[in-house]
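Here is what each chain is made of, one letter per residue.
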Amino acid sequence: MGLLVLLGVFAMCVAIGAPVAFALGISAIAAFWFEGLPLMIGFQRIVSGINVFALMAIPFFIFAGELMFHGGIAMRLVRFAQAAVGAVRGGLGIVNVFSSMLFGGISGSAIADISALGSILVPVMKEKGYDADYAVNVTVTSSIAGIIIPPSHNMIIFAIAAGGGISISKLFLAGVVPGILMCLCLAAAAYIVAVKRGYAAEKFPGWTALVIAFFGAIPGLLTAVIIVGGVLSGVFTVTESGAFGAIYAFLVTLLVYRSITWAKFRTAVAQSVRTTAMVMILIACAGAFAYMLTFYRVPNLTVAFLTGLTDNPILILLMINVALLVLGMIMDMAALILICTPIFLPVANTLGVDPYQFGMILLVNLGLGLCTPPVGSCLFVGCAVGRLPMEQAVRTIWPFYIAILLALMLITFVPAISLTLPALVGG
């Protein structure tokens, strides 16, 4: 009955339109009250959910991404990508994917990726004769590279939800190859669709233009080097690297590119505060919710249920993937990381799946959920940027879904994709 109260109140709050963070907190407090536990303990669990030093890195990563979004770094990355791969058939689609891989690896945010690159590339693609649905679909699906390729604040949330013992630096390393693999699959899908629709190739601008574009993009690309390289080398902690990355992004946009204005800086600060507040409230309330899930032994029951259905590890992993995909279609990503990690990670552990590999499986699944209706925030933002009805985009997005699912299956059943780089670099 207590578990029914917990899940029932949560479902009711979501159904009436309450924010997911509040739904998690209210349902957890209702379960505490039903069990007769002191409500003070519930509020202590909420506070302890964000009383984690590593979470201080999140506002720095978010602020760095906002500075780069408003400071013109995205435009330089697009120029470099266009000079490098624009001459391929349907090259602007591949440029879109390549730009997302570069910018996502700097900003760590799928929404920032769509907002920055979509506002630049979608109008250009339409002007060059590309269909609006193709431009939006490529932009939306490639944006989730920011979730997989480090630095990513979602990786920090996963490390916290896993309950300790997860090295964030090794988690960053584990995301590099899966992120690149997913982008290569999306680039192949973009090329195939472009050839089928008969899109033209861009003219190669020449090696001089390529070198100039590359050097113009270097200051922005160094942001990722500072953040990730500082952590891996041991020079910075994750929190310190986020702070230095934000400072560097500010100095680059102010002194090198000279593209940040006082108005843009204020907007970046306001957006960073708003996003950070939303994430922290969500993490706090999810801490109490996860406590009650553990109280009701949901992780143990889930392990027993799945292993009772079959002892085939391939089928169990497929069921976990399907569950995560379905949940990703109807709930926010950060909330699902906090809820699903303590439930499905023990199942993965019983199958011998490394926690770092499971982290990549989780992030790719939930990233795909951001691109799917009915609650796909990336899909909504992409359609708004491209001024395209969501129904029209969804009708033709399936080749890109297949590309992401192909990458997901490889990540799920080939552990070396996620684990080789952490083993080589991290020991």
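Bear in mind the structure is a predicted one, so any value in this text is a computation, not a measurement. (Residues numbered from 1 in each chain as written. Predicted model: local features only at pLDDT ≥ 70, side-chain atom pairs only at ≥ 80, totals over all residues. Heavy atoms only, no water.)

(A) Quick peek at the side chain of Ser418. When you line up the elements, Ser418 lands in helix 22 (residues 416-426). Excluding its chain neighbours within four sequence positions, the residues that come into contact with Ser418 are Ala174, Pro178, Gln357, Met360 and Ile411. (Helix = DSSP H or I, 4+ residues; strand = E, 2+ residues; numbered from the N terminus. Contact = heavy atoms within 4.5 Å.)

(B) The arrangement of the pattern of salt bridges in detail. Scanning the entire structure with this criterion turns up two salt bridges. Notably, a salt bridge pairs Asp131 with Arg197, separated by 3.1 Å at the nearest N-O pair. One end of the pair, Asp131, is in the loop between helix 7 (110-127) and helix 8 (132-142); the other, Arg197, is in helix 11 (residues 168-197), and 66 residues separate them in sequence. For the salt bridge of Asp133 with Arg197, the shortest nitrogen-to-oxygen distance reads 3.1 Å. Here Asp133 is found in helix 8, whereas its partner Arg197 is found in helix 11, with 64 residues between them in sequence. We classify Asp133 as buried; its relative accessible area is 8%. (Salt bridge = Lys/Arg side-chain N within 4 Å of Asp/Glu carboxyl O. Buried < 20%, exposed > 50% of the residue type's maximum accessible area, 1.4 Å probe, protein only.)

(C) Layout of a nonpolar patch on the surface. A cluster of nonpolar side chains, contributed by Phe305, Leu309, Ile314, Leu315, Leu318, Met319, Leu406, Leu410, Phe413 and Val414, occupies part of the molecular surface with about 830 Å² of accessible area. Within the residue set of the nonpolar patch, elements represented by two or more residues are helix 15 (298-309), helix 16 (313-330) and helix 21 (398-413). When residues in the nonpolar patch are grouped by element, the largest group, four residues, is from helix 16. Inspection of the secondary structure assignment puts Val414 in the loop between helix 21 and helix 22. Taking the relative accessible area as the measure of exposure, Val414 reaches 34% and is therefore partly exposed. (Patch = residues over 30% accessible without salt bridge, like charges linked within 9 Å, V, L, I, M, F, W, Y side chains within 5 Å. Areas by Shrake-Rupley, 256 points an atom, 1.4 Å probe, with all protein chains shown as cover.)

(D) Just helix 12 (residues 207-233), in detail. For helix 12, with 27 residues, the first-to-last C-alpha span of 34 Å runs short of the 39 Å given by 1.5 Å per residue. At Ile218, helix 12 is bent by approximately 45 degrees, the largest bend along its length, and proline Pro219 sits one to four residues beyond. For helix 12, the complete set of buried residues consists of Leu210, Ala213, Ala217, Pro219, Gly220, Leu221, Thr223, Ala224, Ile227, Val228, Gly230 and Val231. Positive backbone phi, approximately 85 degrees, marks Gly234, located one or two places after helix 12. (Expected span 1.5 Å × (residues − 1). Bend = angle between axes of the 7 residues up to and from the residue.)

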